[in-house]
Amino acid sequence: MAQREGIQGLTDQEVVALARSGAETAYRELVRRYERPIFSLVYRMVRDRELAEDLSQETFIKALNALDSYRPEYKFSSWIFKIANNAAIDQLRRRELDTLSLEGSPHAATPDAVEATALQIGSRGESALDAVASIELGGEIEKAIAQLRPEYRSCILLRHVEGYAYEEIAQILDLPLGTVKTYIHRARHELRRALEHLRQ
Amino acid sequence: MTSPSGAHLAFDDFDVLLSGDAESPLHAPAEAHLAGCNQCRAELAAQSTLIARLESLPFFSPSLAFSDLVLQRVALPDPFALRSLATSRKRLLASRRSLVAVSVVLCAVVGTMLASVMWTLANPDAVSSVGTWAGNTASQWLWVAIRGGFANIVEQPWLGTAQAWFATPLRLALLSLGITLIYVGGLVALRRLMALPRAGAAHA
């Protein structure tokens, strides 16, 4: 217990150094520090609790198994957020492809061919986890965030929910600083437009 | 993204005002502009409200078993092995004498390996004849062992009784069934023993 209290006062870099020396408590501490921010970001990106949990787990497993390749001159938080964001964006791209194939082949020439190549799925009841997601993410602002393009969503969440500086966001997302500012500017504009009806 | 003089405030100006960064060179001109521009004041208020709403969004928590599930799949380094490695490295590189000793041993090992590879490449016939001799000797020993084993079994007094027990096809089938059941039972037991505990088990 005393060891755990001691570790809580250390910086991320110090905890990573301890983890590299094989201390399991250090691994647990890294998970404890970032599980909620990472999960929240991924959850708001993919809007599916179960999937967000899987992607967050993958993020931590990937990061903790590659601690040796982590360079301490970078912030650990930026590094792990980069992994999480990439996982979420990859998932959204895959989902987009799946949606295309569900809607039928893009090469189909006639409406009949489109229908024939589309996957047939039976009606799907809302699972308990889906119900939790729709309550948790049901607020007007959450809905407005969900309408944003994924790149805008990452930027706005990292800036105003996670509290990162523009430079750090640029580093996490591998984008030029100007692009990050533009995305945030546009995201704010779109959010305001989406929430306009609340003011009236 | 700063505004040209006379135009309304730009993104960077609003950002400076929203963050309250009074040190920024953009702050004073932006404040001055704001005093005389209703449109920018309204814009600032709207942005400020939006940001306050975003900043008040809650963090979500993953399931209780999250960290256990993650750590089950992380290869934790063995602290004892790491410490031993570090100690050995420290000792080996501690003094000039130990450094020389390590270098000599390394040179001897690498030199021997290199010499061995060179000799092998230079004498392919000798290597092949040694290989043939080793193969023949190994197969001879194998046959001697098999024959010895069989001869030993044939000499056993219980062999006749055992043969009589499984002389009929029915008894043979029963024996095969018994052996198969024992094997399958063993497999099932092994699988249960090696199964990872369920996530909920830790919190039961």
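Since the structure is predicted, the reported quantities are computational estimates derived from the model, not experimental observations.

1. What to know about the overall build of chain B
Broken down by element type, chain B carries 9 helices and 0 strands. When the helices and strands of chain B are placed in sequence order, the string is α-α-α-α-α-α-α-α-α. Looking at chain B as a whole, 15% of its 204 residues are labelled buried. For chain B, contacts bridging at least 24 residues in sequence account for 38% of all contacts bridging at least 6. Of the roughly 15,500 Å² of accessible surface on chain B, 68% is carried by carbon and sulfur atoms.

2. Digging into the pattern of salt bridges
All names here are of chain A. The full count for this structure, using the stated rule, is 15 salt bridges over all chains. Across the salt bridge formed by Arg-71 and Glu-73, the nearest N and O atoms sit 3.1 Å from each other. Classification of Glu-73 by relative accessible area gives exposed; the value is 56%. Each of Asp-12, Glu-29, Arg-32 and Arg-33 takes part in a single network of salt bridges with overlapping partners.

3. A short note on the packing of aromatic side chains
Any two aromatic rings considered together are summarised by their centre-to-centre distance and by the angle between their planes. Taken as a whole, this structure holds 10 aromatic pairs over all chains when the rule is applied. Look at A:Phe60 and B:Phe66: their rings are 5.6 Å apart centre to centre, the planes differ by 80 degrees, and that puts the pair in the edge-to-face class. Within this pair, whereas A:Phe60 is found in helix α4 (residues 49-65), its partner B:Phe66 is found in helix α4 (residues 66-72), the two belonging to separate chains. Looking at A:Phe60, the relative accessible area reads 1%, which means it is buried. Arranged with centres 5.1 Å apart and planes meeting at 50 degrees, the rings of A:Tyr152 and A:Tyr183 form a pair that is tilted. Here the residue A:Tyr152 occupies a position in helix α9 (residues 150-161), and A:Tyr183 occupies one in helix α11 (residues 177-194), the gap between them amounting to 31 residues. Taken as a pair, A:Tyr152 and A:Tyr183 share a single burial class, namely buried. An aromatic cluster is built from A:Tyr34, A:Tyr70, A:Phe76 and A:Trp79, whose rings are joined through pairwise contacts. Above the ring of A:Tyr166, the side-chain terminus of A:Arg159 is found at 4.4 Å from the ring centroid.

4. What about the side chain of A:Gln57?
Secondary-structure assignment places A:Gln57 in helix α4. With residues near it in sequence (within four places) discarded, A:Gln57 still touches B:Phe66, B:Leu69, B:Val70 and B:Arg73.

5. A few points about the packing of α11(A) against helix α1 (residues 11-19) of chain B
It is the contact of α11(A) with α1(B), at a shortest axis distance of 11 Å, that shows an interaxial angle of 75 degrees. Considering their axes alone, α11(A) and α1(B) lie roughly perpendicular with respect to each other. Of the residues in α1(B), those touching α11(A) at A:Lys181, A:Ile184, A:His185 and A:Arg188 are B:Phe11, B:Asp12, B:Asp15 and B:Leu18.

6. Notes on unusual backbone geometry
Residue and element names in this part refer to chain A. Positive phi is not limited to glycine here, since Arg-47 has a value of about 55 degrees. If you trace the backbone, Arg-47 turns up in the loop between α3 (24-46) and α4. Positive phi is not limited to glycine here, since Asp-174 has a value of about 55 degrees. Structurally, Asp-174 can be placed in the loop between α10 (166-173) and α11.

7. Some points on the state of the cysteines
Residues and elements named next belong to chain B. Here the structure, examined in full by the defined rule, presents 0 disulfides over all chains. The cysteine Cys-37 is free of any disulfide, with Cys-40 supplying the nearest cysteine sulfur at 3.6 Å. Using a relative accessible area of 8% as the deciding quantity, one classes Cys-37 as buried.

8. Observations regarding the confidence of the model for chain A
For any part of a model where pLDDT is low, the fine detail of the predicted coordinates should not be relied upon. Residue and element names in this part refer to chain A. Of the residues in chain A, 76% have a pLDDT of 70 or more, and the chain-wide mean is 83. Of all secondary-structure elements in chain A, the lowest mean pLDDT belongs to helix α6 (residues 111-117), at 55, while α4 reaches the highest, 95. Across residues 117-126, where pLDDT falls below 50, the model places 15 contacts with residues more than four positions away in sequence or in other chains.

Calculation criteria
- Residues numbered from 1 in each chain as written.
- Chains lettered and ligands numbered in written order.
- Predicted model: local features only at pLDDT ≥ 70, side-chain atom pairs only at ≥ 80, totals over all residues.
- Heavy atoms only, no water.
- Helix = DSSP H or I, 4+ residues; strand = E, 2+ residues; numbered from the N terminus.
- Buried < 20%, exposed > 50% of the residue type's maximum accessible area, 1.4 Å probe, protein only.
- Contact = heavy atoms within 4.5 Å.
- Areas by Shrake-Rupley, 256 points an atom, 1.4 Å probe, with all protein chains shown as cover.
- Salt bridge = Lys/Arg side-chain N within 4 Å of Asp/Glu carboxyl O.
- Phe/Tyr/Trp six-rings, centres within 6.5 Å; stacked < 30°, edge-to-face > 60°.
- Lys NZ or Arg CZ within 6 Å of the ring centre and 35° of its normal.
- Axes fitted to C-alpha atoms, helices over the stretch in contact; angles between N-to-C directions.
- Parallel < 35°, antiparallel > 145°, perpendicular 65-115°, else oblique.
- Disulfide = S-S within 2.5 Å.
- pLDDT = per-residue confidence, 0-100.

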